[in-house]
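Summary of the model geometry
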Amino acid sequence: MRNFIRALRFAWPFRFRLAASICFAILAAALWSLNFTAIYPILKIFGTNQNLQSWVDTSIDQCQLGIDARVKEIAVLRDGLKTFEELKDENPKKETLKRRQQAQITRVETELKTAQDEIYRYHVAKKFIDSYCPVDRFQTLLAVLLIVIVGVALRGCFEFWQESLVGDVVNRCLFRIRNLFFRRCVHLDVSNFGEVGTHELMPRFISDVDTMGGGMKTIYGKVIAEPLKALACISVAAWINWQLTLLCLVLVPFALYVLTRFGRTMKRATKKMLEGMSSMYKILQEVFQGIRIVKAFAREPRERRRFHKATRDHLYKAQWVITLDAMTSPIIELMTVVAVAGVFLMGAYIVLEKPTRIFGIAISDQGLEPETLLQLYALLAAAADPVRRLSNVYTRIQSGFAAAERIFSYLDREPKIQANAEAPVLERHQTDIEFRNVCFSYSPGQVLLEGIDLHIKHGEIVAFVGKNGCGKTSLLNLLPRFFDPDHGTIFIDGVDIRQVNLRSLRKQIAIVTQDMFLFDDTIFNNIAYAHPRATKEQVEAAARKAQAHEFIMSDLPNGYDTLVGNEGKKLSGGQRQRICLARAFLAEPTILILDEFTSQNDPEAEVDLHRTMHELRHNRTILLITHRPHTLEVADRIVVLEEGRVAATGTHAELMRTCPAYQRLHDVQQKRLVA
Ligand SMILES: Nc1ncnc2c1ncn2[C@@H]1O[C@H](COP(=O)(O)OP(=O)(O)O)[C@@H](O)[C@H]1O
Ligand SMILES: [Mg+2]
């Protein structure tokens, strides 16, 4: 609810459009009731053998008669009052009689007043009818119908403008919300993406935002327009006979109760349906991404079953939403029909039996004309139509609530790792890195890294080795602050990295990640990702350094303009790795982190890369994660990680002498190479 209101507030910049749409809605409502009021003159024309002019004259005459009679009655009553006043004071009945007489006088006086009002209205009507209305009855009918048609056409225009304005405003709101949402998501911590995955996020951008938009359209459109129509009809009906109209409205609270119950069920159902959608997205994404694995292991049937199950689940949930949505209309319709039928019976009774009171309420002083009653019904029926259209409004809005909750729960997430936009910028010169007593865990209680103390001097090449899953990648992920350590501090040049501007920190670091991610774009743009304004020469130089230039020019059809396909799937693993390397080189970082960067390359390329490392080391610090003995030779120092701690540091030769863990790793690698 609160979140949905927040979504509605996004319309504030477009308030003038909304105001215009409300004006159009009011005009449309007025015309709506006017169209149905036209029934009265039509019935009159058919019901009596008079034209409008003579009808007004007779009505005025009748009214005048009534007035005269009442004036006389009042005179007689006053005389009676006088006689009562002349009675002796001792007479016990005097006061009672006087009071009764006075009450009668007041009643007749009110009647006189109503009759006078009525005759005034007839006089006004007469003036209008005499000067504008045709004398011929058929022509009058024609004129009325013409007015109705013009009214409907105008109403159509107003409704069109109203609806398109609302649609326009809501779409603009959704545009803003989507962009804000994206912005927030991109700024979230890396850990958030690990937890929920993209399949959770994608439907939020698409179906949730749409569902929320549906709710907003309903609020700004139907919720304003339809009640106005009903209100216009009911006001006219009340003007004709408020007592009967009131009777009809008795059902309103009952209808509201039913709608509320439905709405709550609907909200729950929609939430479940949207969740079902998420699990569908999850399977889609996984299967399409891992299509090679699926095919290689011939697991299509399993995936088909999995998807079938998810879609069936979604189908049931969606069916339930549809059922609820479809059920509300007939129920509301039934209720309105019951209400109208009740009032119809009552009205028929009044017309036929001419009572003046029902349930103690004065209905009408002289009974009702059948025409008036039919007019009343027409108006009430006309009021029922917008009410019927409102029937699924509540459920729509509840769906909007559910979607808004899902969206805003994300918008409200604050990244734990703050950007420190105001903090001092990390200067680009020396990059001594120090890990001081760093502890880190992904989930509380499961310590991955413990008491890491390391000092890496500027210009050093340091290699990290250790078993799979011992936390090498995690340790180096702490440097660009993808995660923050639980305890301990990381210093660059003696400055705590949590105290500096995050962008300036990340700008100093370039990473070649294990997964070698590429965008579905050209080779050129992928390399220039960190440096969108890089020249062709710069990109080529970086590619040369990464041993990528040759294969780009010789193997790829369009050289640097070749598209790499989704996630670079059109390239080989080694090629992808070298493009990633070129991208990192072009960024000119002071700290270069290379995670298993030679794992996919042939020995020849590897040797060339080692030469590059030596060239690059002059003004930067290079951190490597590798298992390759050859690559290890490039390093000045090797850090052995074991069970979340630094087991030893030193050169290859030193470690071979002193560190059993390193010896084991080395032996295994050697055996593999020999084998
Ligand atoms: N985003 C993550 N969330 C939770 N656990 C993770 C995450 N990334 C890695 N891990 C866990 O942390 C451990 C160390 O992973 P990693 O640092 O990638 O190891 P290495 O690079 O040394 O092979 C692994 O056991 C892995 O299960
Ligand atoms: Mg790793």
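Everything numeric in this text was worked out from a predicted model, so none of it was measured. (Residues numbered from 1 in each chain as written. Chains lettered and ligands numbered in written order. Predicted model: local features only at pLDDT ≥ 70, side-chain atom pairs only at ≥ 80, totals over all residues. Heavy atoms only, no water.)

What to know about the environment of Y377
Among the secondary structure elements, Y377 is positioned in helix α13 (residues 370–389). C-alpha of Y377 to C-alpha of T245: the two residues are 132 residues apart in sequence and 9.4 Å apart in space. Discounting chain neighbours no more than four positions away, the residues touching Y377 are V343, F344, L345, G347 and A348. (Helix = DSSP H or I, 4+ residues; strand = E, 2+ residues; numbered from the N terminus. Contact = heavy atoms within 4.5 Å.)

Topic: the site of ligand 1
Neighbouring ligand 1 are the residues Y442, L448, K467, N468, G469, C470, G471, K472, T473 and S474. Contact distances for ligand 1 include 3.3 Å between an oxygen atom and a backbone N or O atom of C470. Separating an oxygen atom of ligand 1 from a side-chain N or O atom of S474 is a distance of 2.5 Å. Protein coverage of the free-state accessible area of ligand 1, which is 560 Å², stands at 57%. A total of three residues in the shell around ligand 1 trace back to one element, the largest contributor, which is helix α15 (residues 472–477). Here the shell around ligand 1 is composed, by residue class, of three nonpolar, five polar and two charged. (Near = heavy atom within 4 Å. Polar contact = N/O pair within 3.5 Å; in protein donor to acceptor, adjacent residues only side chain to side chain. Areas by Shrake-Rupley, 256 points an atom, 1.4 Å probe, with all protein chains shown as cover. Nonpolar A, V, L, I, M, F, W, Y, C, P; charged D, E, K, R; others polar.)

A look at the nonpolar core
Within the largest apolar cluster, 47 residues are counted, with the highest numbers of intra-cluster contacts made by I523, I527, I552, L594 and M613. Ranked by residue count, the leading element in this core is helix α20 (residues 573–586), at seven residues. Once residues within four sequence positions are removed from consideration, I523 is found in contact with I552, L556, G559, Y560, T562, V564, L571 and I579. One finds V196, L201, I407 and Y410 within the second-largest nonpolar core, a separate group that totals 34 residues. (Core = buried A, V, L, I, M, F, W, Y, C linked by side-chain atoms within 4.5 Å. Buried < 20%, exposed > 50% of the residue type's maximum accessible area, 1.4 Å probe, protein only.)

Here we look at the coordination of the magnesium ion (ligand 2)
Distances from the magnesium ion (ligand 2) to its protein donors, namely T473 (OG1) and Q514 (OE1), fall within the range 2.0 to 2.6 Å. Note that T473 is positioned in helix α15 and Q514 in the loop between β8 (509–512) and α17 (523–527), a separation of 41 residues in sequence. (Donors = N, O, S within 2.8 Å, 3.2 Å for Na, K, Ca; no water.)

Quick notes on the pairing of strand β11 (residues 637–642)
Among the six residues of β11, five are classified as buried, and the element is accordingly described as predominantly covered. Here β11 runs beside strand β12 (residues 645–650); their pairing, made up of five bridges, is antiparallel. Bridging from a neighbouring strand, V639 pairs with T649 of β12. (Pairing = 2+ DSSP bridges.)

A short note on the side chain of S399
Residue placement: S399 occurs in helix α14 (residues 393–411). Note on S399: relative accessible area 8%, which makes it buried.

Quick word on the pairing of strand β10 (residues 621–625)
Along β10, five of the five residues are buried, which leaves the element largely enclosed by surrounding structure. Residues T621, L623 and I625 of β10 are buried on one face, and the alternating residues I622 and L624, pointing to the opposite face, are buried as well. Bridge count for strand β5 (residues 461–466) against β10 is four bridges, and the pairing is parallel. Opposite F464, over in β10, you have I625 as the bridge partner. For the crossover from strand β9 (residues 591–595) across helix α21 (residues 603–616) to β10, the handedness is right-handed. (Right-handed = clockwise from strand over helix to strand, strands pointing away.)

Some thoughts on the packing of helix α1 (residues 2–9) against helix α8 (residues 198–220)
The geometry of α1 relative to α8 is characterised by a closest axis approach of 11 Å and an angle of 70 degrees between their N-to-C directions. In terms of orientation, α1 and α8 fall into the roughly perpendicular class. Taken together, the residues of α8 that come into contact with α1 (itself represented by F4, A7 and L8) are M212, G215, M216, I219 and Y220. (Axes fitted to C-alpha atoms, helices over the stretch in contact; angles between N-to-C directions. Parallel < 35°, antiparallel > 145°, perpendicular 65-115°, else oblique.)

Brief notes about the sheet that holds strand β7 (residues 495–496)
Spatially, β4-β3-β6-β7 is the arrangement adopted by the four strands of the open sheet, whose pairing is antiparallel. The sheet terminates laterally at β4 (447–456) and β7, the two strands that pair on one side only. Two elements, strand β3 (residues 433–441) and β4, share six bridges in a ladder whose sense is antiparallel. By the bridge assignment for β4, E434 is matched with H455.

Let's talk about the packing of aromatic side chains
According to the stated counting rule, one finds 15 aromatic pairs in the structure shown. For the ring pair F181 and Y410, a centre distance of 6.2 Å and an interplane angle of 65 degrees mean the geometry is edge-to-face. Separated by 229 residues along the polypeptide, F181 in helix α6 (residues 137–187) and Y410 in helix α14 bring together distant segments of the chain. For the pair F181 and Y410, one class covers both residues: buried. When the ring of F182 is compared with that of F205, the centres are 6.3 Å apart and the planes differ by 70 degrees; the resulting orientation is edge-to-face. (Phe/Tyr/Trp six-rings, centres within 6.5 Å; stacked < 30°, edge-to-face > 60°.)

Thoughts on the side chain of D595
Its location among the elements puts D595 in strand β9. Although D595 is buried, it forms no salt bridge, and the closest oppositely charged side chain is K472 at an N-O distance of 7.0 Å. Among the polar contacts listed, one links the side chain of D595 to the side chain of T473, at a separation of 2.9 Å. (Lys, Arg positive; Asp, Glu negative; His and termini not counted. Salt bridge = Lys/Arg side-chain N within 4 Å of Asp/Glu carboxyl O.)

Details of a positive patch on the surface
Judged by side-chain charge, R261, R264, R268 and K272 come together as a positively charged surface patch. With respect to the helices and strands, the residue K272 is situated in helix α10 (residues 252–289). Given a relative accessible area of 47%, K272 falls into the partly exposed group. (Patch = residues over 30% accessible without salt bridge, like charges linked within 9 Å, V, L, I, M, F, W, Y side chains within 5 Å. Charge placed at Lys NZ, Arg CZ, Asp CG, Glu CD.)

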